[in-house]
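Observations on chain architecture
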Amino acid sequence: MEKINSPAGHRVRLAAHAGRFYPADPDQLRTEVLTLLASARSNGGPSPKAIIAPHAGYMYSGPIAASAYAQLERARDVVRRVVLVGPSHFASFDGLAVSNADAFATPLGSVQLDREGLALACALPRVCVDESAHRPEHSLEVHLPFLQSVLSGFRLVPVLVGHASEKEVGQVIDALWGGPETRVVISSDLSHYHDHARACALDSRTACAIETLRSDLLSEQSACGWEVIAGMLYVARRRGLGCRIIDLRNSGDTAGHHDRVVGYGAFVFDEPSAPRGQTALEGSQR
């Protein structure tokens with residue numbers, strides 16, 4: 001197993017999907033993301049601790065992703081670390097994989113990786129370093145321009161999930177939980193390639209399961225990142241977080257046909273208000 005090192009050179013994971021999932025031109029990309037965010041509604045109140053947002057091409061899932069990221073914008077000057085967790089689409093492996101790069105690049109610039117966070121993740125038994133898994137993956141990359149637009153400065157802990165239980169995924173998220181300086185982003189689309197009516201029915205059931213923290217009701221038919229979502233729900237139950245749906249649509253609602261659609265959902269997780277002298281985690285373990 002490769003270890004997290006401090007490399008002598010500066011290693012950058014280059015953008016693999018600029019020009020495909022989102023614009024490669026920096027000005028065009030910036031304008032598109034800001035337009036999507038401006039069209040999204042922020043519901044006010046505290047910024048959520050974690051969100052679930054989709055990872056398809058911006059013309060399809062961008063409006064739904066923006067509705068989640070609009071809620072993070074209120075913590076623009078607070079957040080200094082983002083734990084970004086998504087499913088592996090191209091590499092098959094057991095456990096979870098982090099990157100040993102120094103930065104992830106997008107057309108908007110480079111995002112530095114958080115070495116301390118990577119070391120914490122690698123201390124867990126089911127986490128390895130796998131650059132070959134990260135190199136072609138889109139499930140993390142497409143979130144970066146949104147994060148670069150809503151946050152003033154942050155370091156990244158990118159985590160890809162292979163074959164892993166909800167507890168194994170949850171333990172990694174929990175180890176990186178941090179305080180107000182840390183936010184968790186869960187990357188997943190919902191149902192795939194059903195007709196519009198069938199997708200709406202399936203995604204409504206999945207949304208209900210997520211809002212009620214019922215990971216036992218999720219399966220590979222629910223979402224491509226169902227194991228990632230289940231890990232987040234595991235942590236939410238332990239820590240007493242509440243979950244709210246912000247947006248639920250599919251590609252037929254945004255830019256595609258209705259005969260074969262992909263579902264997208266935006267969800268936020270809010271930390272409980274703990275009584276004075278008691279942490280939220282202590283309160284959730286009673």
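Data block above holds the structure.
The sections below set out a description of the structure shown in this document. Sequence order sets the numbering: in each chain, residues are counted from 1 along the sequence as written. Note on the predicted model: pLDDT of at least 70 is required for a residue's local features to be given, and 80 or more for side-chain atom pairs to be given and counted; whole-chain, interface and lining totals, by contrast, use all residues. Water and hydrogen atoms play no part in the side-chain values, which are based on all heavy atoms of the structure.

Helices and strands together make up the secondary structure of the chain, namely ten helices and twelve strands. By the compact-globule yardstick of 19 Å for 286 residues, the chain fits well, its C-alpha radius of gyration being 18 Å. Principal axes of the C-alpha set define a box for the chain whose edges measure 50 × 50 × 35 Å. The buried label goes to any residue with under 20% of its type's maximum accessible area, the exposed label to any with over 50%, and the partly exposed label to all in between, with areas taken from a 1.4 Å probe on protein chains only. Sorting the 286 residues of the chain into buried and exposed places 52% on the buried side. Every residue pair with non-hydrogen atoms within 4.5 Å of one another is taken to be in contact. For the chain, restricting intrachain contacts to residue pairs at least 6 apart in sequence, the fraction spanning at least 24 positions comes to 82%. In DSSP terms, a helix is any run of H or I states spanning at least four residues, a strand is any run of E spanning at least two, and both are numbered starting from the N terminus. Radius of gyration: over C-alpha atoms. The globule rule applied is 2.2 Å multiplied by the number of residues raised to the 0.38 power.

Let's shift gears to the sheet that holds strand β1 (residues 12-13). When DSSP finds at least two bridges between two strands, those strands are taken to pair. Spatially, three strands are ordered β1-β5-β6 in an open sheet, and the strand pairing comes out mixed. One side of each edge strand has no neighbouring strand; the edge strands of this open sheet are β1 and β6 (109-112). By the bridge criterion, two bridges tie β1 to strand β5 (residues 103-106) in an arrangement that is parallel. Bridge pairing links V12 to A103 in β5.

Once that is clear, we can look at unusual backbone geometry. Trans is the common state for peptide bonds, and a negative phi is the common state for residues other than glycine. Positioned with a positive phi, Y193 is a non-glycine residue whose angle comes to about 65 degrees. Topologically, Y193 is positioned in strand β10 (residues 192-194). Accessibility expressed as a relative area gives 47% for Y193, which makes it partly exposed. In this structure, L213 takes a positive phi of about 60 degrees despite not being glycine. In this fold, L213 is placed in the loop between α7 (196-211) and α8 (226-239). The class of L213 is buried, set by a relative accessible area of 13%.

A word on helix α6 (residues 166-175). By the burial criterion, the buried members of α6 are V169, G170, V172 and I173. Along the axis of α6, the buried residues cluster in a sector spanning 160 degrees; they form a single face. Starting at the helix axis, one direction is taken to each C-beta atom, and the arc is that of these directions.

The next thing to look at is the side chain of R81. One can find R81 in strand β3 (residues 81-87). With near-sequence residues (within four places) excluded, R81 lies in contact with D114, G117, L120, F154, R155, V157, L176, W177, G178, E181, T182 and R183.

Salt bridges are defined by distance alone: a side-chain nitrogen of Lys or Arg within 4 Å of a carboxyl oxygen of Asp or Glu. A complete count under the given rule lists eleven salt bridges for this structure. Ionic pairing is found between D27 and R30, a salt bridge with its closest N-O pair at 3.3 Å. Taken together, the residues span about one helical turn, with D27 and R30 both in helix α1 (residues 26-39) at a distance of three residues. With relative accessibility at 53%, the residue D27 sits in the exposed group. Here R115 ties to D102 by a salt bridge, and the two come within 3.8 Å at their closest N and O atoms.

It is worth stressing that arrangement in space is one thing and function is another; only the former is reported here.
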